[in-house]
Amino acid sequence: MKDKVVVITGGSSGIGKALAEEFGSHGCKILITGRNGKDLDEAVKEIRKKGIEITGFQSDVSREEDNKKMAAFAIETYGRIDIIINNAGITMRALFEDVEMDVIKKVMDINFYGVLYATRACLPEIIKNKGSVIGISSIAGYRGLPARAGYSSSKFALNGFLEVLRTEMLMKGVHVLTACPGFTTSNIRKRALSKDGTAQGDSPRNEGKMMSAEECARHIYQATVNRKKILVLTTQGKLAVFLNKWFPGMMDKIVFNEMTKEANSPVT
């Protein structure tokens, strides 16, 4: 992996930042993107202190033109692109009957169309270098979660896209990985959109019991090295995927009851 050029969207915090550190620690050259310039600069400075070669590029993944500029900047800076990690994402928490449609659209624009735009912009280089396309999906892409209509829909769509791309790239030597973390410590729940689009503010779940972003990044790095096709993380996540496939009715009740336990849960 030494000297491989890795582009990571949404790399300022959480899993994205942990991925930058993990891939960078193995000799990769890193480009991270983010919408907030201050957060991006701070992440770059912190990671550089660890001896990692890294550059930041401020962009909004939901804008196609920003992604084209990002890919051009990566090539200008490093001369190539080997891996794109589509990590940028946002979630929401509100019942479908209550949520404003603009909220779901925003989630889809970032979580789904953002992946399409970033991947398309980097794909010619990745095909040339027989590299990797990685999508950070979710268990919510296998099992719909109540009060997360926009989030689950975006991840189901993402899983479908990655499966299509994996098949299309079969004879071109391009590796496509669908990585599905379970509940992982990150800022995503704090920034979750409520029914009117305002930020939730606090995580409704006990973050201390979740897999760390650093452990998640280590698993994704190893799956990339081994060119795995699908990575489902955590025992709870693997069990959820299995049970939902074979016992969907039972899982409806299990998931409903689990989500009612969240603080101020809209699921009642």
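All of these numbers come straight from a predicted model, not from anything done at the bench.

About the cut-offs
- Residues numbered from 1 in each chain as written.
- Predicted model: local features only at pLDDT ≥ 70, side-chain atom pairs only at ≥ 80, totals over all residues.
- Heavy atoms only, no water.
- Salt bridge = Lys/Arg side-chain N within 4 Å of Asp/Glu carboxyl O.
- Helix = DSSP H or I, 4+ residues; strand = E, 2+ residues; numbered from the N terminus.
- Buried < 20%, exposed > 50% of the residue type's maximum accessible area, 1.4 Å probe, protein only.
- Expected span 1.5 Å × (residues − 1).
- Arc of directions from axis to C-beta.
- Contact = heavy atoms within 4.5 Å.
- Patch = residues over 30% accessible without salt bridge, like charges linked within 9 Å, V, L, I, M, F, W, Y side chains within 5 Å.
- Areas by Shrake-Rupley, 256 points an atom, 1.4 Å probe, with all protein chains shown as cover.
- Polar contact = N/O pair within 3.5 Å; in protein donor to acceptor, adjacent residues only side chain to side chain.
- Pairing = 2+ DSSP bridges.
- Axes fitted to C-alpha atoms, helices over the stretch in contact; angles between N-to-C directions.
- Right-handed = clockwise from strand over helix to strand, strands pointing away.

Peer 1: Go over the pattern of salt bridges, please, and point to the residues and values.
Peer 2: Where side chains of opposite charge bring their charged atoms close, a pairing between them can arise. Under the definition given, this model contains ten salt bridges. In this structure, the salt-bridge partner of Asp60 is Arg63, at a minimum N-O distance of 3.7 Å. In this structure, Glu125 and Lys128 form a salt bridge, with 2.9 Å as the shortest nitrogen-oxygen distance. Here Glu125 pairs with Lys128, and both are found in helix α4 (residues 101–129), just three residues apart, close to one helical turn.

Peer 1: Give me the lowdown on unusual backbone geometry, citing residues and values where you can.
Peer 2: Here the phi dihedral of Asp3 falls at roughly 70°; this positive angle occurs in a residue that is not glycine. Along the polypeptide, Asp3 turns up in the segment before β1 (5–8). With a relative accessible area of 40%, Asp3 lands in the partly exposed category. Although it is not a glycine, Lys130 sits at a positive phi angle of roughly 50°.

Peer 1: Outline helix α8 (residues 248–259), supporting the account with residue identities and numerical values.
Peer 2: Taking 1.5 Å per residue, twelve residues should reach 16 Å; α8 reaches 16 Å between its end C-alpha atoms and fits that length. Among all positions in α8, only Met251, Val255 and Met259 are buried. The arc enclosing the buried residues of α8, seen along the axis, measures out at 60°, which places them on a common side. Contact partners of the buried residues in α8: α7 (235–246).

Peer 1: For a nonpolar patch on the surface, give the residues involved together with the corresponding values.
Peer 2: There is a patch of nonpolar side chains on the surface, built from Leu239, Phe242, Trp246, Phe247, Met250 and Ile254 and spanning about 630 Å² of accessible area. Sorting the residues of the nonpolar patch by element identifies α7 and α8 as the ones contributing at least two each. Here the nonpolar patch takes three residues from α7, the largest share from any one element. Within the element layout of this structure, Met250 appears in helix α8. Taking the relative accessible area as the measure of exposure, Met250 reaches 40% and is therefore partly exposed.

Peer 1: Can you lay out the environment of Tyr78 for me, pointing to particular residues and giving the numbers?
Peer 2: The residue Tyr78 is located in helix α3 (residues 64–78) in this model. Along the chain, Tyr78 and Leu165 lie 87 residues apart, while their C-alpha atoms are 25 Å from each other. Tyr78 has contacts with Val5, Lys29, Ile30, Leu31, Glu53, Ile54 and Thr55, leaving out every residue within four places of it along the chain. Within the local environment of Tyr78, its side chain forms a polar contact with the backbone oxygen of Ile30, the two atoms lying 2.9 Å apart.

Peer 1: Mind laying out helix α6 (residues 213–225), listing which residues take part and the relevant values?
Peer 2: Its 13 residues place the ends of α6 18 Å apart at the C-alpha level, agreeing with the 18 Å of an ideal helix rising 1.5 Å per residue. Where α6 ends, the next residue or the one after it, Arg227, has phi of about 55°, a positive value.

Peer 1: So what about the sheet that holds strand β5 (residues 132–136)? Which residues, and what values?
Peer 2: In space, the seven strands of this open sheet follow the order β3-β2-β1-β4-β5-β6-β7, with parallel pairing throughout. Edge positions in the sheet fall to β3 (54–58) and β7 (230–232), since each of these pairs with one other strand and no more. Neighbouring strand axes in the sheet, compared pairwise and without regard to direction, differ in orientation by 15° on average. Sheet topology places strand β4 (residues 83–86) next to β5; four bridges connect them, and they run parallel. The residue of β5 that forms the bridge with Ile85 is Ile134. Against the sheet, helix α5 (residues 149–168) makes contact with β5, β6 (175–180) and β7, and its axis sits at roughly 160° relative to β6, the strand it touches most.

Peer 1: Account for the pairing of β5, naming residues and giving values.
Peer 2: In terms of burial, β5 is largely enclosed, as five of its five residues are buried. Because side chains alternate across β5, one face comprises the buried residues Ser132, Ile134 and Ile136, and the other comprises Val133 and Gly135, equally buried. Read from β4 through α4 to β5, the crossover connection turns out right-handed. The sheet contact formed by β5 and β6 spans five bridges and is parallel. Paired with Ser132 across the bridge in β6 is His175. Between the parallel pair β5 and β6, the chain is carried across by α5, and the sense of this crossover is right-handed.

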